[in-house]
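# Coordinate inspection notes
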Amino acid sequence: MNTIDMIVSMTQEMTEAGKNKVLDYVKLIYSADVTPSPFSPLSSDEILGKLELGRKQNNNSEGISFDKAIKHIGIENGFI
């Protein structure tokens, strides 16, 4: 029996209040285990604007190579 099956089996006999306590505990563990994203969310308009800018730069040969772009992103976000 795997962990999930065991948990489901155990909770089938619990009261609703007990199940809610288990759920709260799982949420607590999950939220502590998830690393927040270093990137802020973008709206659809922001994404489309960035795409349009990238297309214009590419058409005008203003872009940079893929390798330079990846290195820049890595340094900017603390990966390198």
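It should be emphasised that the depicted structure is a prediction, and the values quoted were computed from it without experimental measurement. (Residues numbered from 1 in each chain as written. Predicted model: local features only at pLDDT ≥ 70, side-chain atom pairs only at ≥ 80, totals over all residues. Heavy atoms only, no water.)

## A look at the side chain of T11
Among the structural elements, T11 can be located in helix α1 (residues 3-11). Only 3.0 Å separates the side chain of T11 from the backbone oxygen of V8, close enough to count as a polar contact. For T11, the residues in contact, after removing those within four places along its chain, are K19 and V22. (Helix = DSSP H or I, 4+ residues; strand = E, 2+ residues; numbered from the N terminus. Polar contact = N/O pair within 3.5 Å; in protein donor to acceptor, adjacent residues only side chain to side chain. Contact = heavy atoms within 4.5 Å.)

## Some remarks on unusual backbone geometry
The phi torsion at S61 lies on the positive side, around 55 degrees, for a residue other than glycine. Mapping S61 onto the fold places it in the loop between α3 (44-59) and α4 (66-76). Using a relative accessible area of 66% as the deciding quantity, one classes S61 as exposed. (Buried < 20%, exposed > 50% of the residue type's maximum accessible area, 1.4 Å probe, protein only.)

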